[in-house]
Amino acid sequence: QLQLVESGGGLVQPGGSLRLSCAVASEFNLDYYAIGWFRQAPGKEREGVSCISGAGRSTKYTDSAKGRFSISRDNAKNTVYLQMNSLKPEDTAVYYCAAEGLGLQIFRQCVFTEEEYDIWGQGTQVTVSS
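In this text the structure is predicted, and so the values were computed from the model without any measurement.

Caption draft 1: Spatial organisation of the state of the cysteines. For the structure shown, the criterion picks out two disulfides. Between the sulfur atoms of Cys 22 and its disulfide mate Cys 97 the distance is 1.9 Å. Because the sign of the S-S torsion sets the handedness, a value of about -75 degrees for the bond joining Cys 22 and Cys 97 places this disulfide among the left-handed ones. Taken together, the residues Cys 22 in strand β3 (residues 18-25) and Cys 97 in strand β9 (residues 93-101) connect sequence positions 75 residues apart. Judged by its relative accessible area of 0%, Cys 22 is buried. At a sulfur-sulfur separation of 2.0 Å, the disulfide partner of Cys 51 is Cys 110. Taking the torsion about the sulfur-sulfur bond, which here is approximately 75 degrees, the covalent link between Cys 51 and Cys 110 counts as right-handed. With a gap of 59 residues between them, Cys 51 in strand β5 (residues 47-52) and Cys 110 in the loop between β9 and β10 (119-120) connect regions that are remote in the sequence. Classification of Cys 51 by relative accessible area gives buried; the value is 0%. Judged by relative accessible area, which is 6%, Cys 110 ranks as buried. With its disulfide-bonded cysteines labelled consecutively along the sequence, the protein chain is connected as 1-3, 2-4.

Caption draft 2: Expanded view of the sheet that holds β3. Pairing is antiparallel in the open sheet, where four strands are placed in the order β1-β3-β8-β7. Whereas interior strands pair on both sides, the edge strands pair on one side only; in this sheet they are β1 (3-7) and β7 (69-74). The sheet shows a mean angle of 15 degrees between the axes of neighbouring strands, taken without regard to direction.

Each value, and the rule that gives it
- Residues numbered from 1 in each chain as written.
- Predicted model: local features only at pLDDT ≥ 70, side-chain atom pairs only at ≥ 80, totals over all residues.
- Heavy atoms only, no water.
- Disulfide = S-S within 2.5 Å.
- Helix = DSSP H or I, 4+ residues; strand = E, 2+ residues; numbered from the N terminus.
- Buried < 20%, exposed > 50% of the residue type's maximum accessible area, 1.4 Å probe, protein only.
- Pairing = 2+ DSSP bridges.
- Axes fitted to C-alpha atoms, helices over the stretch in contact; angles between N-to-C directions.

Here is the structure:
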């Protein structure tokens, strides 16, 4: 059974950086999962921020994250990271890591469709404030 363990959230000043981690506890390696980062701010719907595909290792970013955020993975550690630089107050949200089991479709590009993701982490709070 797949489990996701998130860490790295906290309080940071505008312009600062944080790196979120999503440890994927699974008997299968990350080639078999697309991993997405989503966030939900108070009063807003949850939105996709970034995702990384399985064996294809392609990445995707929402417009607001492009150029500031970077998603990566370490297969040896079964961990996916979201490096967040130049943080803005509007980045304040609960950030969730989610996994989509790909089955045989290991080269499928990742998407921001929440319904595609089967397993979700507990969320980690990111607060950007002076």
